[in-house]
Amino acid sequence: MLGDEEDVFDSVTWESPTAPYDADHTVQLSGPGFKQSTAGTEDGRGPHDPKWEGYLIVTVKDPVKELAETKDAYVSYLVSAKTNLPIFSTPNPFSRRRFQDFVFLRDHLVRDFPACVVPALPDKHRLEYLTGDRFSPEFMERRRLDLHRFLERISRHPTLQRSTLVRAFFESTEWHVHMHQHLAHPPGPEPTPGLIDNISDTLLNAFARVRKPDERFLDMRESVDKFEDGLVICERLWNRVRGRTNDLTADYHDLAVAVQGLGFLESGITDPLNHFSNTLLEFSALLRHKTQTTTDPFLVHLHSLLTYSHANRAVLKLRDQKQLDFEELSDYLSGVTQERDRLSAVISGHAGSTGLGLSAYLKDKVDSLRGADDDRSRVEKMRKLDIKIKELQDAVTTAHETSDAFSDETLREQTIFQYTKEAEMKEMLGNLAEGEIEFYQSAMEEWERIIPIIQRIRVDV
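Residues numbered from 1 in each chain as written. Predicted model: local features only at pLDDT ≥ 70, side-chain atom pairs only at ≥ 80, totals over all residues. Heavy atoms only, no water.

S.K.: How do you make sense of the overall build of the protein when you look at a structure like this?
M.R.: Helix and strand counts for the protein stand at 10 helices and 3 strands. When the helices and strands of the protein are listed from N to C terminus, the series reads β-β-β-α-α-α-α-α-α-α-α-α-α. Across the 461 residues of the protein, 39% fall into the buried class. Long-range pairs, those at least 24 residues apart, make up 74% of the contacts in the protein with a sequence separation of at least 6. Accessible area of the protein: about 26200 Å², with a carbon and sulfur share of 54%. (Helix = DSSP H or I, 4+ residues; strand = E, 2+ residues; numbered from the N terminus. Buried < 20%, exposed > 50% of the residue type's maximum accessible area, 1.4 Å probe, protein only. Contact = heavy atoms within 4.5 Å. Areas by Shrake-Rupley, 256 points an atom, 1.4 Å probe, with all protein chains shown as cover.)

S.K.: Could you clarify how one ought to interpret the pairing of strand S3 (residues 94-98) in this entry?
M.R.: Within a regular beta strand, the side chains point alternately toward one face of the sheet and then the other, so they alternate between its two faces. Of the two faces of S3, only the one carrying Ser95 and Arg97 is buried; Phe94, Arg96 and Arg98 on the other face are not. Direction of pairing for strand S2 (residues 74-83) relative to S3: antiparallel, over a ladder of 5 bridges. Residue pairing across strands places tyrosine 77 opposite arginine 97, the latter belonging to S3. (Pairing = 2+ DSSP bridges.)

S.K.: Teacher, can you tell me more about the packing of aromatic side chains here?
M.R.: Geometry of an aromatic ring pair is reported as the spacing of the ring centres plus the angle between the planes. On inspection of all chains with the given rule, the structure shows 14 aromatic pairs. Relative to phenylalanine 169, the ring of phenylalanine 102 lies with its centre 5.0 Å away and its plane at 75°, an arrangement referred to as edge-to-face. Residue phenylalanine 102 is found in helix H1 (residues 99-112), and its partner phenylalanine 169 is found in helix H4 (residues 164-171); the two are separated by 67 residues along the sequence. Among the residues examined, phenylalanine 169 registers a relative accessible area of 0% and is labelled buried. Grouped by ring-pair contacts, the aromatic residues Phe88, Phe102, Phe104, Phe150, Phe169, Phe170 and Trp175 constitute a single cluster. In this arrangement the basic side chain of arginine 97 is found over the ring face of phenylalanine 169, its NZ or CZ atom lying 5.7 Å from the centre. Sitting over the face of the ring of phenylalanine 227, lysine 421 holds its NZ or CZ atom 4.4 Å from the ring centroid. (Phe/Tyr/Trp six-rings, centres within 6.5 Å; stacked < 30°, edge-to-face > 60°. Lys NZ or Arg CZ within 6 Å of the ring centre and 35° of its normal.)

S.K.: How do you make sense of the environment of arginine 340 when you look at a structure like this?
M.R.: For arginine 340, the position within the fold is in helix H8 (residues 270-347). Residues arginine 340 and lysine 381 lie 41 residues apart in sequence; the distance between their C-alpha atoms is 8.3 Å. Each residue touching arginine 340, except ones within four places of it in the same chain, is listed here: Met382, Leu385, Asp386 and Ile389. At 3.2 Å, the side chain of arginine 340 forms a polar contact with the side chain of aspartate 341. (Polar contact = N/O pair within 3.5 Å; in protein donor to acceptor, adjacent residues only side chain to side chain.)

S.K.: Can you walk me through the nonpolar core in this structure?
M.R.: Considering soluble globular proteins, one finds that nonpolar side chains tend to be buried as a cluster. Counting 30 residues, the largest nonpolar core has Phe102, Leu105, Leu151, Val166, Phe169 and Phe170 as the members making the most contacts within it. Where this core is concerned, the elements lending two or more residues are strand S1 (56-66), S2, H1, helix H3 (137-155), H4 and helix H5 (175-184). If near-sequence neighbours (up to four positions away) are discounted, phenylalanine 169 is found in contact with Val79, Ser95, Arg97, Asp101, Phe102, Leu105, Leu151 and Trp175. One finds Cys234, Leu302, Leu305 and Ala311 within the second-largest nonpolar core, a separate group that totals 15 residues. (Core = buried A, V, L, I, M, F, W, Y, C linked by side-chain atoms within 4.5 Å.)

S.K.: Which parts of the structure should I look at to understand H1?
M.R.: Owing to its 3.6 residues per turn, the α-helix brings residues three or four apart onto one side. Over its 14 residues, H1 runs 20 Å from end to end, which matches the ideal 20 Å to within 8%, given 1.5 Å per residue. Taken together, the buried positions of H1 are occupied by Phe99, Asp101, Phe102, Phe104, Leu105, His108, Leu109 and Asp112. In this structure, the buried residues of H1 make contact with S2, S3, H3, H4 and H5. (Expected span 1.5 Å × (residues − 1).)

S.K.: Would you mind going over the sheet that holds S1 with me for this structure?
M.R.: Sheet strands line up and pair through hydrogen bonds in the backbone, either parallel or antiparallel. Read from one edge of the open sheet, 3 strands run S1-S2-S3, paired in antiparallel fashion. At either margin of the open sheet sits one strand with a lone partner, and together these are S1 and S3. Taking each pair of neighbouring strands and ignoring which way they run, the sheet shows an average axis angle of 25°. With respect to the sheet, H1 is in contact with S2 and S3, its orientation differing from that of S3 by roughly 95°. Across the sheet, H3 touches S1 and S2, and the angle it forms with S1 is around 155°. (Axes fitted to C-alpha atoms, helices over the stretch in contact; angles between N-to-C directions.)

S.K.: Is there a simple way to think about the pattern of salt bridges in this case?
M.R.: Should the charged atoms of two oppositely charged side chains come close, the side chains can pair. The full count for this structure, using the stated rule, is 23 salt bridges. As a salt-bridge pair, arginine 153 and glutamate 424 come within 2.6 Å of each other at their nearest N and O atoms. With a gap of 271 residues between them, arginine 153 in helix H3 and glutamate 424 in helix H10 (residues 375-455) connect regions that are remote in the sequence. Taken as a pair, arginine 153 and glutamate 424 share a single burial class, namely buried. The residue aspartate 296 makes a salt bridge to arginine 242 at a minimum N-O spacing of 2.5 Å. Of this pair, aspartate 296 sits in helix H8 while arginine 242 is found in helix H7 (residues 215-265), placing the two residues 54 residues apart along the sequence. (Salt bridge = Lys/Arg side-chain N within 4 Å of Asp/Glu carboxyl O.)

S.K.: I tried to follow the confidence of the model for the protein on my own but got confused; where do I start?
M.R.: A low pLDDT means the predicted coordinates there should not be read in detail. On average, residues of the protein score 81 in pLDDT, and 77% of them reach the 70 mark or higher. For the protein, helix H2 (residues 127-131) is the element with the lowest average pLDDT, namely 46, and H4 is the one with the highest, namely 94. Here residues 1-42 scores under 50 on pLDDT; set against residues more than four positions off or in separate chains, the count is 71 contacts. (pLDDT = per-residue confidence, 0-100.)

S.K.: Which parts of the structure should I look at to understand unusual backbone geometry?
M.R.: Peptide bonds are trans in most cases, and residues, glycine excluded, mostly fall at negative phi. Even without a glycine there, the phi angle at aspartate 62 is positive, about 55°. Of note, aspartate 62 is situated in strand S1. Relative accessible area serves as the criterion here: at 41%, aspartate 62 is assigned to the partly exposed category.

S.K.: What am I meant to see in the packing of H1 against H3 here?
M.R.: Helix packing for two helices is described by the angle between their axes and how far apart those axes are. Two numbers describe how H1 lies on H3: the axes approach to 12 Å, and their chain directions differ by 30°. As summarised for this structure, H1 and H3 are arranged roughly parallel, according to the angle between their axes. Considering the relative orientation of H1 and H3, their crossing is left-handed. Between H1, through Phe99, Phe102, Leu105, Arg106 and Leu109, and H3, the contact on the second element is made entirely by Arg143, Leu147, Phe150, Leu151 and Ile154. (Parallel < 35°, antiparallel > 145°, perpendicular 65-115°, else oblique. Left-handed = near helix turned anticlockwise from the far one by under 90°.)

S.K.: When you look at the environment of arginine 153 in this model, what are you seeing that I'm missing?
M.R.: Exposure remark for arginine 153: the relative accessible area of 2% places this residue in the buried category. C-alpha of arginine 153 to C-alpha of alanine 120: the two residues are 33 residues apart in sequence and 9.9 Å apart in space. Contacts of arginine 153, omitting those with residues within four sequence positions, involve Pro119, His301, Ser304, Leu305, Tyr308, Thr420 and Glu424.

The structure is reproduced here in C-alpha cells:
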C-alpha cells in the first residue's frame, strides 16, 4: 500500500509561509505573487531567486452564452483582476473573453517566453462539443473553473504577470486589434534561421542525449518524476474511491427503499422505520453531494496539476536541448577544424605529422583518385573552411551563452513552480479536508438524530 512506499510528496514544504491566493480573502497580501515591492529584500535573494514587483489577483466568472440563437454561438467569461503592478493602467481591470482568446494568450506566451512554465489550457475537443452540451451550466462551470486556474497560475508568475499581452488581455477593449498587432509585431525579435538552427536541425534527433549533464537539473527531473508519479497514483486511487462511493450511494438508497417497505409490514414500528429510511436516504444524498462538491473537484484539480507539471517538464527538456545544441555544434567545429589542419599539413608536406591517423591517409588517397589533390583546390577548400570555422565559432559562442542563460532562467522557473505547486496543493488538500469534515459532521448529526428513535423501539417476544 502507499503507506509502505516512499513519500512521493516529500518535496512539498507544508509549513511554507505563502499566503492563500483567493481573490475574495481580505488577509494581508504577502508571499509569491503578492509581494508589494522588493525593497529591503535584495540582500537575502540568491542569483536564481525570482523577483516579484507586485501582486495580480484574478477571477474568472459569469459565463454567458453569446449569439445564442445562431450557429456561431459561444460562451464569454468575465475576467477581472486586482493589482498594484505599474504596467496596468487601472488597479481593477476587467473584460469579457471567450475560450479562443485564452488559447491565443497561452500560445503566444509560450512563444514569447520559451523559458517560462506556461500552464496548459483545458482540452477543447471534448465530447460536449459533439453532443451540444458545451452550453450546459455544468460544463460552463467546469470550464470557468479551469480557466480561472489557468489565469491564476499566470498571475503568480513574476514574469508572465507583467507581460504586455496579459495586460491587454485584462484591459483592452479592442482585443482583436491587439491580437493582430501582436502577430505583426511580436515583443521580441522574430527568430531567423541561421547557421546554428540549420546545423542543430541536421545533427539532432529524438534519441540524442546530453553528454555532460548538470547534476542540478538531473535532481530536478528526478523530483518532477516523483511528483508526477505521486499524482498519477493519487488520481488512480481517488477514481477508485469515487467509484466505490457511488456504489455505496446506490446501496444506501436501495436499503432505504427496503426499510420503508418493511415498515408497511410491521405496523407497530412503522414510524421508527420510516424515520430510519429517511435517514438512509439523507445519508445517500450526503454521499452524492460529497462526490459532486469534494471528490470531483479534487480529481479535476489533481489532473490539472499534473498537466501543469508536464509544462514544467517541457521547460527542463528545452533546457537540455539548448545544452545539446552547444555540445553538437562544438563537436562539429572540432571536426571542421581537424579537416582544415589536415589540408594545411598536406599542403606544407607534413601530412604524416598531423596525428590524424588512418582516416586522414585514406581521405588523401580518395582525393587523389578523384583528382582533387592539387594545391590550388586544397587552398580554395581551406579558404572555405576558414570562413566556416569563423561562422561556427560565432555559433558556438552564441549557443554557449544561450545555454547558460536558459539554465539560469530554468533555475528561477523551478523556484516559481515550487511556490505555485505548494500553494495549489495546500488549497487542493485543504478543500478536500474541509469537504470530508463537512460530510462527516452532517452524517453524525443524521445518525445521532435517528439513534434515540431506534432505541425506543420495543418488540414483544
